Amino acid sequence: MRVLADRIRGVERRVRYLGLGLVVLAAGFLLTGRWQLALGVAVGALLGWVLTDPVRITWAVFVIAFAVPVTIDVGYPTNPSYALLLVLFLLAAWGRVLRAERDGWPPKALAAALLLPACAVLAGLVHWHGVKPIAVGVAPLLCFGVLAWHLAEEARHDRRTVRRIAEALTWFSVAVAVFAKYQTASRSWPIFDQFAYDWTYTSAFDATRAVGLSGHPIIYGTFAMAMVLVALTLRGRFWYVPVTANLVGLVLSGTRSAWVGTVLALGLWLFLQWRKVSWRGLGAAAAVAAVTFTLVAVNPPALRPDTTTAAPTPSPAAPAASSAAPAPESPAATPSPATPSPATPSPATPSPAAPAPPAASSLPPEPGAPVPAAPTTSAVDSVDVAGSRISDPASADARFTRMSVVWDGITSDWSTVVFGNGPEANVRFLENVGIGDGQAQVFDNTYLTFWYNFGLIGLACLLALLVLLYRHLRSLPARLLLVGFAAQIFFFDVWLWLGAVAVLLLAVALGAADNPSLSARALPVPRRRQPGAQAAAGPRQPAAGAAAGSGSAPAARPGSAGASGPS
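Rules behind the numbers
- Residues numbered from 1 in each chain as written.
- Predicted model: local features only at pLDDT ≥ 70, side-chain atom pairs only at ≥ 80, totals over all residues.
- Heavy atoms only, no water.
- Helix = DSSP H or I, 4+ residues; strand = E, 2+ residues; numbered from the N terminus.
- Buried < 20%, exposed > 50% of the residue type's maximum accessible area, 1.4 Å probe, protein only.
- Contact = heavy atoms within 4.5 Å.
- Salt bridge = Lys/Arg side-chain N within 4 Å of Asp/Glu carboxyl O.
- 1 Å grid on protein atoms, 1.4 Å probe; cavity = no way out; pocket = protein on both sides within 12 Å on 5 of 7 lines; lining within 4 Å.
- Points joined across faces, edges and corners; volume = space filled by probe spheres on them.
- Nonpolar A, V, L, I, M, F, W, Y, C, P; charged D, E, K, R; others polar.
- Phe/Tyr/Trp six-rings, centres within 6.5 Å; stacked < 30°, edge-to-face > 60°.
- Polar contact = N/O pair within 3.5 Å; in protein donor to acceptor, adjacent residues only side chain to side chain.

**Q** Describe the side chain of T446, with residues and values.
**A** For T446, the position within the fold is in helix α18 (residues 446-472). Using a relative accessible area of 1% as the deciding quantity, one classes T446 as buried. Here T446 is in contact with I489, F492, D493, V494 and W495, once residues within four sequence places are set aside.

**Q** So what's going on with the pattern of salt bridges? Residues and values would help.
**A** For the coordinates displayed, the defined rule picks out two salt bridges. One salt bridge connects E154 with R96, and the closest N-O pair in it is separated by 2.7 Å. Taken together, the positions of E154 in helix α7 (residues 131-157) and R96 in helix α4 (residues 80-98) put the pair 58 residues apart, joining distant regions of the chain. Residue class for E154 comes out buried when judged on its relative accessible area of 4%. Residue R96 is classed as buried on the basis of its relative accessible area of 3%. Among the ionic pairs, R156 bridges to E153, the shortest N-O distance being 3.0 Å. Residue R156 and its partner E153 are both found in helix α7; the two are separated by three residues, about one turn of the helix. When its relative accessible area of 4% is taken as the criterion, R156 is described as buried.

**Q** Outline the environment of P190, supporting the account with residue identities and numerical values.
**A** If you trace the backbone, P190 turns up in the loop between α8 (159-186) and α9 (192-195). Between the alpha carbons of P190 and T202 there is a distance of 8.7 Å; along the sequence they are 12 residues apart. Non-local contacts of P190, meaning those with residues more than four positions away in its chain, are made with F179, Y182 and Q183.

**Q** Describe the environment of V427, naming the residues involved and giving the relevant values.
**A** Note on placement: V427 falls in helix α17 (residues 425-432). Between the C-alpha atom of V427 and that of V442, which follows or precedes it by 15 residues, the distance is 8.5 Å.

**Q** So, empty space enclosed by the protein: which residues are in play, and what are the values?
**A** Under the defined criterion, the tally for this structure stands at seven cavities of 30 Å³ or more. Considering only enclosed or pocket space, the second largest cavity measures out at about 140 Å³ in volume. Around the second largest cavity sit 14 residues that line it, and A65, F66, S214, I219 and G499 are the ones nearest its centre. Residue assignment for the lining of the second largest cavity shows that the elements contributing at least two residues are α3 (54-67), α10 (217-234) and α20 (498-514). The greatest single-element share of the lining of the second largest cavity, amounting to three residues, is contributed by α10. Class assignment of the residues belonging to the lining of the second largest cavity gives a composition of 12 nonpolar, two polar and no charged.

**Q** I'd like to hear about the environment of L247, residue by residue, with values.
**A** Note that L247 resides in helix α11 (residues 240-253). The sequence separation of L247 and W259 amounts to 12 residues, and the corresponding C-alpha distance is 9.7 Å. The contact partners of L247, leaving out residues within four places of it in the chain, are V228, V288 and T292.

**Q** Before we move on, can you summarise the packing of aromatic side chains with the specific residues and values?
**A** Applying the stated rule across the entire model yields 17 aromatic pairs. Measuring from ring centre to ring centre gives 6.3 Å for F62 and F66, while their planes differ by 10°; the resulting arrangement is stacked. Residue F62 and its partner F66 are both found in helix α3; the two are separated by four residues, about one turn of the helix. No difference in accessibility class separates F62 from F66, as the two residues are buried. Note on F450 and W495: the rings are 6.0 Å apart at their centroids and 50° apart in plane angle, and the pair reads as tilted. A residue pair is termed long-range when its members are at least 10 positions apart, and F450 in helix α18 and W495 in the loop between α19 (476-488) and α20 qualify at 45 residues. You'll find F450 and W495 in the same group, each marked buried.

**Q** Describe the side chain of S173, naming the residues involved and giving the relevant values.
**A** Looking at where S173 falls in the secondary structure, it is placed in helix α8. There is a polar contact of 2.4 Å between the side chain of S173 and the backbone oxygen of T170. Those residues in contact with S173, other than ones at most four positions away along the chain, are F223, M227 and N246.

**Q** Tell me what's going on with unusual backbone geometry, and back it up with residues and numbers.
**A** Glycine aside, the phi torsion of most residues is negative, and most peptide linkages are trans. A positive phi angle is found at I191, which is not glycine, with a value near 80°. Inspection of the secondary structure assignment puts I191 in the loop between α8 and α9. With phi around 55°, F238 is a residue other than glycine that occupies positive phi space. With respect to the element layout, F238 can be found in the loop between α10 and α11.

Nothing here speaks to function; it is all geometry.
In structure tokens:
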């Protein structure tokens, strides 16, 4: 024990010396005016601190996915979505390395993580277009597979940490909802108006819809939907506060797909909890609805836009991005100030995971950023805006058009039905052919896009994963998140929006926390035998890990909160 204590003190001393050296280095860069290098030192030190503990890695995954927008480019070496995906992949992979001795390399978890990437590789081999499309198409699926594996294993062994993260996110979402209310009341998007890399990620595009911290109303709607369901089912202290705040944010986002997902998930919740319905619960629901309506409708005069200052005009130039990166919405997709003529389709895309502006000379040049209309002193009626989102048929018509186009590509011959057109096939089609309706150049349906790229085999594997997750997840919040996520991605392409896919990852983590059998059973830590110890101790008892391997559920491990059975 003395040797161990001395070793711990030695490690702490080295960490203190290293931290002091990094502080001096950062201060030196600041004194010489090299703030970028000082920021790099700070971020590197923070990541180094995170990488020393798998629990910190789990926290960092959700913080980065939900709080760092991919609509802002701070100088990443590649597209923001791919840069952050790489960071998350490295965090999850290193977390698995740190846990390798405890957990081993479970074959079931590895198979689940590699299932969708294998479908992408198969489609790429059948319809060969080079190595690059396969790499670009497989990378996000592989990253998310490893992330899900890491979070499931961590949640299975430490249930309390995952629940603490989920509850912390619900209270974090309250602050985001306040920010969303400010965005719609002031008709501006602070931070995004100044730093977004494309004008369609600013309030010049549509100032009536809130974007929270995502820079895109669809992604913020997804986040608000998830936080409503988590707060409602976890029922932490004062749970009705995050539920109400996120319902407000959900309405202000104007995201109909998130509304549909929320309604379906709440319908499932009522179906599963109908025996617990009471007059008190109905009264609480009516009170939450009334407060939500009031907060949506009220626009404080102090937050109304200032007509004496002109709104900032972001630069229309966007950095070069990977073809599969999320691109902004088409100006024709949603009414906005100074909308370009629908006769000139924009190569920019309206929703997540759509192709970036192509460089093909056959396409018309991308229109420049419009100058925002001068704000008026009248407040935006958020209730009327939400009602117009329900009654507007333009988006539904555009999606039917895209379904027809995608179906024609899927059914062109038997090989495209079974194996798809290959990774990044949707990007090649939208860059070279496009959809000539003057609206967004995107398929806007994750299931059809998956079928178009990876064939019926890939779609069947995706649906099978969702069904198996729902079947094996034993926690109510996890199942509601799965239903909401599965419904919403029918209306947009999801894979390169980290904040949207993080909803699925949160569902996996919460489900694994309540069901240890979701992932492979832990391997017992080998013990060294000492001569004569077995004879002195009497008959040998089976180890906890061995007992877990023979039963239907793993036995409890010392200090493991996630070893209990399903709740």
